[in-house]
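Summary of the model geometry
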Amino acid sequence: MLRAPTIDSGGRVSTIIAIEGLTKKFGNLTALNDVHLNVEASELLGLLGPNGAGKTTLISILATILPSTSGGASVCGHDVHREQHAVRKCIGIVFQDPSLDDELTGRENLDFHGRLYGMDAGARLIRVEDVLRLVDLSDRGNDLVKTYSGGMRRRLEIARGLMHHPRVLFLDEPTLGLDPQTRRKIWDYIRALRDTFRMTIVLTTHYMDEADQLCTRIAIMDRGEIVALDTPDGLKARMGGDVLELEMTGAHQEFLEGLCRMQEVEDMAVEDEKLILTVVNAESFIPKAFQAAQEQEIQIRSVSMRKPNLEDVFIKLTGREIRDESAPDAKTRMRIYMGRKRR
């Protein structure tokens, strides 16, 4: 049975989404596997993972679009199975796929959404102008949506999701397919929603920088499970050292195994001819790596050092790279099993 929402000392609900043992199966495919998660009020939670990790399925269940196979969840204190109408009243959702009517104007799209939620004419008129102003579309509100750019459409979809004053906003891949400049503008709008209105936001993404820049906490998902949950800095701190990237030629299994046995090495992965290592005390490790390479006639062409990022964390947890699977030139990075050092 789901626990009641947590109330803080000021009488406010602090846990606004509660998920316990949520599982979703499509035939023999398990899309979600025993997911447990609490989301706090005013939190900006990111669900980070590759396509097929279960992110959209999880949001769809929370938004009452899909039923779960087992387990339960509540949003704003309402059970997503038994109180669907109450859940829908307290949430807004921006879908991954376009869902605007191209033959209506921006204002007409928003007004229609308000009608669906039972808003009276006066409230709709005021709210349409409010949300258009919020996403900088007031001057284009009377234009047909089919004349909008991709970024403008995304901003209008966010505005539509805000029409009925939701307490929780779900954003499913909010910047998918947008150019970098437009993506960052969308980030600014998302930050403003949380900072100005203290809105609880849950977004799905497979973009590392998006999760790192926006989210107060990140749930890393893989194969239908949450494999890690922490702040962006907390996740990166789990790597326990600096990341070294060695470009080399002629590396072989014996050489890699030798590096794995070195005390400083915490983690190792290979990407084409690049060796990516997480090491403690990089300054003392680099001369040892060069000496080992020289002894085995392996040429190290370049060395670079950086702090761990979220992709390093994901690879350590799952053994594979988060990437946009539609990108034909995406490189594959494979993690090497660390034996006794793996934690």
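Conventions adopted
- Residues numbered from 1 in each chain as written.
- Predicted model: local features only at pLDDT ≥ 70, side-chain atom pairs only at ≥ 80, totals over all residues.
- Heavy atoms only, no water.
- Pairing = 2+ DSSP bridges.
- Helix = DSSP H or I, 4+ residues; strand = E, 2+ residues; numbered from the N terminus.
- Axes fitted to C-alpha atoms, helices over the stretch in contact; angles between N-to-C directions.
- Contact = heavy atoms within 4.5 Å.
- Buried < 20%, exposed > 50% of the residue type's maximum accessible area, 1.4 Å probe, protein only.
- Phe/Tyr/Trp six-rings, centres within 6.5 Å; stacked < 30°, edge-to-face > 60°.
- Lys NZ or Arg CZ within 6 Å of the ring centre and 35° of its normal.
- Salt bridge = Lys/Arg side-chain N within 4 Å of Asp/Glu carboxyl O.
- Core = buried A, V, L, I, M, F, W, Y, C linked by side-chain atoms within 4.5 Å.
- Patch = residues over 30% accessible without salt bridge, like charges linked within 9 Å, V, L, I, M, F, W, Y side chains within 5 Å.
- Areas by Shrake-Rupley, 256 points an atom, 1.4 Å probe, with all protein chains shown as cover.
- Expected span 1.5 Å × (residues − 1).

Turning to the sheet that holds strand 6 (residues 91-94), a few remarks are in order. Spatially, 6-7-8-3-9-10 is the arrangement adopted by the six strands of the open sheet, whose pairing is mixed. The sheet terminates laterally at strand 6 and strand 10 (225-230), the two strands that pair on one side only. Across the sheet, the mean angle from the axis of one strand to that of its neighbour is 15 degrees, orientation sign disregarded. Note that strand 9 (residues 217-222) and strand 10 share five bridges and pair antiparallel. Residue pairing across strands places M221 opposite I226, the latter belonging to strand 10. Packing of helix 5 (residues 150-162) onto the sheet brings it into contact with strand 6 and strand 7 (168-172), and relative to strand 6 it is tilted by some 165 degrees.

Moving on, we get to the pairing of strand 1 (residues 15-26). In terms of residue burial, strand 1 counts as a mostly covered element, since ten of its twelve residues are buried. Across eight bridges, the pairing between strand 1 and strand 2 (residues 29-40) is antiparallel. Residue K25 lies in a different strand from strand 2, and its bridge partner there is T30. Hairpin remark: strand 1 followed by strand 2, antiparallel, with two residues in the connecting loop; positive phi at G27, about 65 degrees. As judged from the five bridges shared by strand 1 and strand 4 (residues 70-75), these two strands associate in the antiparallel manner. Its bridge partner being in strand 4, T23 is matched across the sheet by S70.

This structure, assessed with the given rule, holds zero aromatic pairs. Lying across the ring of F26, K24 places its NZ or CZ 5.0 Å from the centre. Lying over the aromatic face of Y207, R183 brings its terminal NZ or CZ to 4.1 Å of the ring centre.

Below, the discussion takes up the pattern of salt bridges. Considering all chains together, one arrives at 25 salt bridges under this definition. Put simply, R217 and E43 hold a salt bridge, and the shortest N to O gap is 2.3 Å. With R217 in strand 9 and E43 in the loop between strand 2 and strand 3 (44-48), this residue pair connects regions lying 174 residues apart in the sequence. Using a relative accessible area of 7% as the deciding quantity, one classes E43 as buried. Note that D230 is salt-bridged to R238, the shortest N-O span being 3.8 Å. Judged by relative accessible area, R238 falls into the partly exposed class, the value being 39%.

Attention now moves to the sheet that holds strand 5 (residues 78-79). The four strands lie next to each other as 2-1-4-5, forming an open sheet whose pairing is antiparallel. For this open sheet the edge positions go to strand 2 and strand 5, each flanked by a neighbour on one side alone. Relative to strand 5, strand 4 runs antiparallel, the two sharing two bridges. Directly across from V75, in strand 5, lies its bridge partner H78. Each of strand 1, strand 2 and strand 4 touches helix 1 (residues 55-62); the most contacted strand, strand 1, lies at about 120 degrees to it.

Our next topic: unusual backbone geometry. Backbone geometry at D136 places phi at a positive 60 degrees, although glycine is not the residue there. When you line up the elements, D136 lands in the loop between helix 4 (121-134) and helix 5. A positive phi is found at E297, a non-glycine position, where the angle reads about 55 degrees. Tracing the backbone shows E297 in the loop between helix 10 (282-295) and strand 14 (299-306). The exposure class assigned to E297 is exposed, which follows from its relative accessible area of 75%.

Attention shifts here to the environment of F112. Topologically, F112 is positioned in helix 3 (residues 106-116). Taking relative accessible area as the criterion, F112 reaches 49% and is therefore assigned partly exposed. In this structure, the C-alpha to C-alpha distance between F112 and R160, residues 48 residues apart in sequence, is 9.4 Å.

Counting 42 residues, the largest nonpolar core has L110, L156, L171, I201, I218 and I220 as the members making the most contacts within it. By size, the runner-up hydrophobic cluster in this structure holds 29 residues, among which are I19, I59, L62 and V87.

Moving on, we get to a nonpolar patch on the surface. A surface patch of nonpolar side chains, amounting to about 330 Å² of accessible area, comprises F112, L116 and Y117. Tracing the backbone through its elements, the reader meets Y117 in the loop between helix 3 and helix 4.

Moving on to helix 5. Over its 13 residues, helix 5 extends 19 Å from the first C-alpha to the last, a length consistent with the 18 Å expected when each residue adds 1.5 Å. Burial analysis of helix 5 places eleven of its 13 residues in the buried class, the great majority of the element. Burial in helix 5 covers these residues: G151, M152, R154, R155, L156, E157, I158, A159, R160, G161 and L162.

We now examine the side chain of T105. Structurally, T105 is set in the loop between strand 6 and helix 3. Excluding residues that lie within four positions of it along the chain, T105 makes contacts with G141, N142, D143, L144 and V145.

This next bit is on helix 10. Compared with an ideal rise of 1.5 Å per residue, which puts 14 residues at 20 Å, helix 10 spans 20 Å between its outermost C-alpha atoms and is within 8% of the ideal. Of the residues trailing helix 10, E297 is marked for its positive phi of about 55 degrees.

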